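Okay, here's what each chain looks like letter by letter:
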Amino acid sequence: MTIAFNRLNIPAVTCYLRKIITFLFLTGIATASWAEQREFNLTIEEVSIEVAPGFTNKVFAFNGQVPGPLLHVKEGDDVMVHVSNNTTLPHTIHWHGVNQTGSWQQDGVPSITQEAIQPGESYTYKFNVDRPGSLWYHCHVDVWEHVALRGMWGPLIVDPKNPTALEKEVTLDSVLMLSTWQSPYASVYGKGGSPQDVSDYFSVNAKSFPFTQPIRVKKGDVLRMRFIGAGDETHQMHMHGHDMLITHKDGYPLASPYYVDTVPVGPGERYDVIVKMNNPGLFIMHDHVDKHMSNNGASMGGPMTVFEYEGVKMNDWYTWKGKVYDPNFFYSVSLTQGYGLFNSAPFMGKIVEQGKRRR
């Protein structure tokens, strides 16, 4: 078969091919510009934190704070994290929700994917965050103590390439990490968390009411709360005066979001909820497991906060009248500051004097 090239419109073909090549080139550039390489440094420190009035707890803290620093990245980013263990016990980091596609050795499980990071030693994790959403990181050594009682957890927020229409409406973002504590072992490393032990303090972002902070809003705000079950008990988070629209489960967007007024958050679970703030007043959100509303039996306590609307008068008898306000208690400020690692000074603990590091 002979093709009559002289009948083709060569200029038109050339123009068409040029457009295709340009499109492919620009698409490649766009993809490359979205994904970036990010390098972070984390230390693990022995510090003590004040969880509730009169109650302090020794913890193994990432960068000396609980919760650990916010890691805020984008879907597709390549992440490198240098971890230095400055404590007296071994640790690892598991990147909960990261599928570690092609990088299973970075999953952070001792004696399976790596040897534990010994006291005084360092380890570097390298992986790609190919799954977006509300993720988190935590130790995977003796999790019943290190995670459940020693505060070894922090948020890993991965922005999606293609956010949903609901996500685009959000004007105020927040992270709420729920956990429990056992006061008999608060000052003793290496103990606690066994099945017969009982939790007696309950917290959000490592604080129990009244040491928690309000969420200050104005009418018309669209609030997203990212609930993370960082401890070993289930919390039933109930919001007064508003309905919560559950939009994501464990970082995955739901095909059919649904309304609730109580969110069950179990160990390791994450729920994203979106709330239209359209009912001015002072409304609480609390754990509806009733014993979680106390600090070792003292009422009121636990993972409770108050939504304080702009312009609503606070009576003199209001519990938090005149409270010193930290707008970043739920990482709301950090989440607006782009991508990177964000420490938070108010979450920092006090250094615990160490004995000799042991292997």
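Small disclaimer: the values here were computed from a predicted structure and weren't measured.

Rules behind the numbers
Residues numbered from 1 in each chain as written. Predicted model: local features only at pLDDT ≥ 70, side-chain atom pairs only at ≥ 80, totals over all residues. Heavy atoms only, no water. Helix = DSSP H or I, 4+ residues; strand = E, 2+ residues; numbered from the N terminus. Buried < 20%, exposed > 50% of the residue type's maximum accessible area, 1.4 Å probe, protein only. Contact = heavy atoms within 4.5 Å. Areas by Shrake-Rupley, 256 points an atom, 1.4 Å probe, with all protein chains shown as cover. Pairing = 2+ DSSP bridges. 1 Å grid on protein atoms, 1.4 Å probe; cavity = no way out; pocket = protein on both sides within 12 Å on 5 of 7 lines; lining within 4 Å. Points joined across faces, edges and corners; volume = space filled by probe spheres on them. Nonpolar A, V, L, I, M, F, W, Y, C, P; charged D, E, K, R; others polar. pLDDT = per-residue confidence, 0-100.

## Comments concerning the overall build of the protein
The helix and strand inventory of the protein stands at three helices and 23 strands. The buried share among the 359 residues of the protein stands at 51%. Partitioning the contacts of the protein with sequence separation of at least 6, the portion at a separation of at least 24 is 75%. Of the accessible surface of the protein, which amounts to about 16800 Å², a share of 55% is contributed by carbon and sulfur atoms.

## What about the pairing of strand E14 (residues 244–249)?
Counted residue by residue, E14 has five buried out of six residues, so it is predominantly covered. Here E14 runs beside strand E15 (residues 252–260); their pairing, made up of five bridges, is antiparallel. Following the sheet pairing, Lys-249 is matched in E15 by Tyr-252. If you look at the hairpin formed by E14 and E15, you'll find two residues sitting between the two strands, and Asp-250 has a positive phi there, around 55 degrees. Where E14 lies against strand E17 (residues 270–276), four bridges are found, and the strand directions are antiparallel. Bridge pairing links His-248 to Asp-272 in E17.

## Considering the layout of surface pockets
The volume enclosed by the largest pocket comes to roughly 260 Å³. In this structure, the largest pocket is lined by 16 residues; those nearest its centre are Asp-159, Glu-167, Val-170, Asp-173 and Arg-224. Among the secondary structure elements, those contributing two or more residues to the lining of the largest pocket are helix H3 (165–168), strand E9 (172–181) and strand E12 (222–229). Among the residues forming the lining of the largest pocket, the class breakdown is six nonpolar, three polar and seven charged.

## As for the confidence of the model for the protein
Counting all residues, the mean pLDDT for the protein is 92, and 89% of those residues have values of 70 or more. In the model, residues 1–8 has pLDDT below 50 throughout and makes one contact with residues more than four positions away in sequence or in other chains. Contacts for the low-pLDDT stretch residues 20–32, under 50 throughout, to residues beyond four places or in other chains number zero contacts.

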